[in-house]
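# Observations on the three-dimensional arrangement
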Amino acid sequence: MSTEIPWNTSRMEFKPVDMTISYNGGMRFTARTPSGEVAFPMEAPVGMGGDGKTPNPIQYLIGSLGGCVGVKILLALSDKGIVPDDLTIGIHATRVKTMPAFFDKVHLVITLRAGADDAMVSAIIGQTLSRLCPIAAMFAEVGEVTAEHHILRTSSG
């Protein structure tokens, strides 16, 4: 019996991604999609001249990992008729001390409040990290990606 989670082909994203990054002065930039409908600011880390009031590219990268994992977990749970009351993803990542300072270890702590089975959640997370979230898979190409999860039971679960 296969434990692989079926993934609807309509959810698979293979199209190219285009962004334009514009310099705004100081150490600030804005990233925009070609339509201009999506734009977000970023700045250099504080040690490189940023003021710490806007996320830097590395913070966006780690945040993107959490967002990608969260989306894929929610979709897989919804396929099983489960909608969590709450989902949080904590991420701790360490980097090698030589340039280009790849992430060597990334650990996610996933906490959800839902009437969900532990084994099912574990399988969903495992497949999310290894094949459903491309950002997690890219991190795994250069380092170790691990996760733990905690299920807080709902009153009906």
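Structure: above.
### A short note on the environment of Val 71
Residue placement: Val 71 occurs in helix α1 (residues 57-79). As for Val 71 and Ala 119, which are separated by 48 residues in sequence, their C-alpha atoms are 19 Å apart.

### What about the packing of aromatic side chains?
Scanning all chains against the criterion turns up three aromatic pairs. On the basis of an interplanar angle of 55° and a centroid distance of 5.6 Å, the ring pair of Tyr 23 and Phe 29 is categorised as tilted. When the ring of Phe 40 is compared with that of Tyr 60, the centres are 4.8 Å apart and the planes differ by 50°; the resulting orientation is tilted. With a gap of 20 residues between them, Phe 40 in strand β3 (residues 39-43) and Tyr 60 in helix α1 connect regions that are remote in the sequence. The partly exposed category is assigned to Phe 40, whose relative accessible area is 27%.

### Looking at a nonpolar patch on the surface
Taken together, the side chains of Val 17, Met 19 and Ile 21 define a hydrophobic patch exposed on the protein surface, amounting to about 290 Å² of accessible area. If you trace the backbone, Met 19 turns up in the segment before β1 (20-25).

### As for the pattern of salt bridges
Pairing of side chains with opposite charge becomes possible as their charged atoms draw close. Following the criterion strictly, the structure yields one salt bridge and no others. Residue Glu 144 pairs with Lys 105 through a salt bridge whose shortest N-O separation is 3.5 Å. Within this pair, whereas Glu 144 is found in strand β6 (residues 144-152), its partner Lys 105 is found in strand β5 (residues 103-113), the two being separated by 39 residues in sequence. Its relative accessible area of 46% is what places Lys 105 among the partly exposed residues.

### Here's the deal with the pairing of β1
Relative to strand β2 (residues 28-32), β1 runs antiparallel, the two sharing five bridges. Opposite Ile 21, over in β2, you have Ala 31 as the bridge partner.

Parameters and conventions
Residues numbered from 1 in each chain as written. Predicted model: local features only at pLDDT ≥ 70, side-chain atom pairs only at ≥ 80, totals over all residues. Heavy atoms only, no water. Helix = DSSP H or I, 4+ residues; strand = E, 2+ residues; numbered from the N terminus. Phe/Tyr/Trp six-rings, centres within 6.5 Å; stacked < 30°, edge-to-face > 60°. Buried < 20%, exposed > 50% of the residue type's maximum accessible area, 1.4 Å probe, protein only. Patch = residues over 30% accessible without salt bridge, like charges linked within 9 Å, V, L, I, M, F, W, Y side chains within 5 Å. Areas by Shrake-Rupley, 256 points an atom, 1.4 Å probe, with all protein chains shown as cover. Salt bridge = Lys/Arg side-chain N within 4 Å of Asp/Glu carboxyl O. Pairing = 2+ DSSP bridges.

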